[in-house]
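Residue-level structural notes
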Amino acid sequence: MPEEAAVQKINVRCCIAGGGPAGMVLAYLLARAGVEVLVLEKHADFLRDFRGDTIHPSTLEVMYELGLLEEFLKVPHDELRELSAEIGGLQFTVGDFTHVPGHCKFIALMPQWDFLNFMADRAKRYPEFNLRMQAEVTDVILEGDRIIGVRAKTQLGPLEIRAELVIGADGRHSVVREKAELEVETFGSPIDVLWMRIPRKPSDPPQTFGHIDSGRVFVMIQRGDYWQCAFVIAKGAFAGVREKGLQAFRDDIIRLQPFLRGRENELKSWDDIKLLTVVIDRLKKWHRPGLLCIGDAAHAMSPIGGVGINLAIQDAVAAANILAPAFQRGTTPGTIPVMDALSEAISPPEGALPAAIAMGLTPALSDARSAFANTPREPKLGTAFLRRAFGEGDARVQGRADSAAAPARTAHARSQEPAYSSVTEDDLASVQRRREFPTRMMQRLQVAIQNRVISRVLSASKQIEVPLVVRLLRRFPILRRTPAYIVGIGFRPEHVETKDATESRSDWPKV
């Protein structure tokens, strides 16, 4: 029977479960503010289809405030300035983004993996940022009522992370919130969504739009050389759709959008069609001592309006604004024997994988001893201190999705537990208070649209009558600004208040 791998132990100030938009943006902001952070992402890369691919004006404004907007807009994307729809052959504009406040008056359509890779690459400029791919959180570590860390499984064996604060940002099926036994309120949804790709031709309409007809809702998002399509169905109806056969499903698409004729055959099997089970839920309490949930882990959203990714990012900004100053109140971040960790990394026990290599730090450690000898011994600098000793430019191993690695403060079995954080439960409650109002408002709006509009359309057996609100939107263009503001900006937009800690490091001694 093979010997079980030893549990690898790490201490860090903040551990974030989940490398999605909420987790990655919060990690960037905390690292930028000088807080050591480790992100655990269970996948080997960020390449997953049919995730939130809309970057709204509120998020683009955050990019501007961080000084990243110019770089960000160089990443290939499409710009959506209007939302259009069609009801029974009548076309109209739902939302006009050209009047929203901020520097970008459009929605950027960008694959989520490009957004996450961009944020990870920019975060790696800060020595406090660490990202470990293929590290799946499986449980939380409790001490009394307080969560003091998480357990994860990796390719190198089991991993235990002790942290002053754990952030649950691992999505709507969050392991963290389940293991923490946080109570979830579910509001139900009458719909599910089938996602697919259909090739796009230059002669196709340029805009993104939705088509509403008796019993059917079909949304097409322009993605350059293809359409990202959403076919809305009644909750639990997918089995019935499949029973009718793939050709019947293709025929439904052509009836809704005749200009796609011939391209429906690109849907060669049901494997080309992905089911999204729509859920709207929200935690009653987003936190407990040592833990805070944000993004979909705190509140799963409907795909209506594509607002989920942007609400998650707004959560991250608000959390950083509150938590970064809390981390900086002066509590010593644990009692990790940095000297022992460094020694073990350079001279591991016989047959053991060097900790620095296992954790993704530079394998070129031949000069580490002399670098360490000539560097002021300040254990409180943690990962930043070790990376300066090793040479900041080489302190990463490039992996899939340009992943960074976990912190250098790898603790062996006799390492002590970290001290409790200066982050209090009042700080965590402040994040929830700040973000709960916009979450509730957006969820109420989504529930109303689902129940009063979409479910009625799906159950209709005759031509849909054009609603009064649509006739008003067509007649009075100024009214289109309101839906655009709600979707593009939201009910409580957040702004970056944290400072870049590297600005105060210019007087650090050079290594």
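Residues numbered from 1 in each chain as written. Predicted model: local features only at pLDDT ≥ 70, side-chain atom pairs only at ≥ 80, totals over all residues. Heavy atoms only, no water.

On to the environment of F46, then. Looking at where F46 falls in the secondary structure, it is placed in the loop between strand 2 (37-41) and strand 3 (54-55). F46 gets classed as buried once you look at its relative accessible area, which sits at 4%. (Helix = DSSP H or I, 4+ residues; strand = E, 2+ residues; numbered from the N terminus. Buried < 20%, exposed > 50% of the residue type's maximum accessible area, 1.4 Å probe, protein only.)

What follows covers the sheet that holds strand 15 (residues 216-222). The strand order across the open sheet formed by seven strands is 6-5-14-15-16-13-17, and the pairing between neighbours is mixed. With partners counted over all chains shown, the strands left at the sheet margins are strand 6 (90-96) and strand 17 (274-276), one partner each. Each strand axis lies, on average, 25 degrees off the axis of its neighbour in the sheet, ignoring direction. Bridging between strand 13 (residues 191-199) and strand 17 involves three bridges; their strand directions are antiparallel. Of the residues in strand 17, the one forming a bridge with V193 is L276. Those strands touched by helix 14 (residues 468-475) are strand 5 (82-87) and strand 6, and its axis lies near 75 degrees from that of strand 6. (Pairing = 2+ DSSP bridges. Axes fitted to C-alpha atoms, helices over the stretch in contact; angles between N-to-C directions. Contact = heavy atoms within 4.5 Å.)

Now for the packing of helix 2 (residues 57-65) against helix 8 (residues 308-327). At a minimum axis distance of 9 Å, the contact between helix 2 and helix 8 shows a crossing angle of 35 degrees. For the pair helix 2 and helix 8, the sense of crossing is left-handed. Contact residues: S58, T59 and V62 in helix 2; N310, I313, Q314 and V317 in helix 8. Each residue belonging to the contact of helix 2 with helix 8 can be placed in one class, and the counts come to three nonpolar, four polar and no charged. (Left-handed = near helix turned anticlockwise from the far one by under 90°. Nonpolar A, V, L, I, M, F, W, Y, C, P; charged D, E, K, R; others polar.)

This part is about the nonpolar core. In this structure, L40 and I167 are the most contacted members of the largest nonpolar core, which totals 85 residues. Top contributing element to this core by residue count: helix 8, with 11 residues. If near-sequence neighbours (up to four positions away) are discounted, I167 is found in contact with C14, C15, I16, A17, L26, L291, L292, I294 and L323. Membership of the second largest hydrophobic core comes to 31 residues, among which are I221, M442, L458 and A484. (Core = buried A, V, L, I, M, F, W, Y, C linked by side-chain atoms within 4.5 Å.)

Next up on the list: the pairing of strand 13. Most of strand 13 sits inside the fold, with seven of its nine residues counted as buried. Bridge analysis of strand 13 against strand 16 (residues 226-234) gives nine bridges, and the strand direction is antiparallel. The residue of strand 16 that forms the bridge with P199 is Y226.

This brings us to the environment of A169. Inspection of the secondary structure puts A169 in the loop between strand 11 (157-168) and helix 5 (175-179). Remark: the alpha-carbon pair of A169 and A298, spanning 129 residues in sequence, is separated by 8.1 Å. Every residue in contact with A169, bar those within four places of it in the chain, is listed here: I16, A17, G18, A22, G23, I294 and A297.

Okay, the packing of aromatic side chains next. Summed over the entire model, instances satisfying the criterion amount to eight aromatic pairs. On the basis of an interplanar angle of 80 degrees and a centroid distance of 5.6 Å, the ring pair of Y28 and Y126 is categorised as edge-to-face. Pair noted here: Y28 is in helix 1 (residues 21-32) and Y126 is in the loop between helix 4 (112-123) and strand 8 (129-133), with a separation of 98 residues, a long-range link. Residue classification places Y28 among the buried residues on the basis of a relative accessible area of 2%. Between F72 and F118 the ring centres are 5.2 Å apart and the planes differ by 75 degrees, which places this aromatic pair in the edge-to-face class. Residue F72 is found in helix 3 (residues 69-72), and its partner F118 is found in helix 4; the two are separated by 46 residues along the sequence. Taking the relative accessible area as the measure of exposure, F118 reaches 4% and is therefore buried. The ring of Y226 carries R197 above its face, with NZ or CZ at 4.3 Å from the centroid. Geometry around W227 places R200 over its ring, the cationic atom sitting 5.4 Å from the centre. (Phe/Tyr/Trp six-rings, centres within 6.5 Å; stacked < 30°, edge-to-face > 60°. Lys NZ or Arg CZ within 6 Å of the ring centre and 35° of its normal.)

Looking now at the pattern of salt bridges. Overall, the coordinates contain 22 salt bridges when judged by the stated rule. Between R435 and E494 there is a salt bridge, with its nearest N and O atoms 2.9 Å apart. Within this pair, whereas R435 is found in helix 13 (residues 425-459), its partner E494 is found in the segment after helix 15 (481-488), the two being separated by 59 residues in sequence. Taken together, the shared-partner salt bridges in this structure form one network comprising E71, D121, R122 and R125. (Salt bridge = Lys/Arg side-chain N within 4 Å of Asp/Glu carboxyl O.)

Turning our attention to the confidence of the model for the chain. For the chain, the mean per-residue pLDDT works out to 80, and 78% of the residues sit at or above 70. Across the chain, element-level confidence peaks in strand 20 (residues 291-293) with a mean pLDDT of 98 and bottoms out in helix 11 (residues 368-373) with 33. This stretch, residues 332-418, has a pLDDT under 50; its non-local contacts, to residues over four places away or in other chains, come to 165 contacts. (pLDDT = per-residue confidence, 0-100.)

Within the structure shown, the criterion is met by four cavities of 30 Å³ or more. Estimated volume of the largest cavity: approximately 110 Å³. Forming the walls of the largest cavity are 17 residues, and the residues nearest its centre are L311, Q314, M442, I489 and G490. Only helix 8, helix 13 and helix 15 provide two or more residues apiece to the lining of the largest cavity. (1 Å grid on protein atoms, 1.4 Å probe; cavity = no way out; pocket = protein on both sides within 12 Å on 5 of 7 lines; lining within 4 Å. Points joined across faces, edges and corners; volume = space filled by probe spheres on them.)

So, about the environment of M442. In this fold, M442 is placed in helix 13. With relative accessibility at 6%, the residue M442 sits in the buried group. Those residues in contact with M442 that sit more than four places away from it in its chain are M301, V307, L311, I486 and F491.

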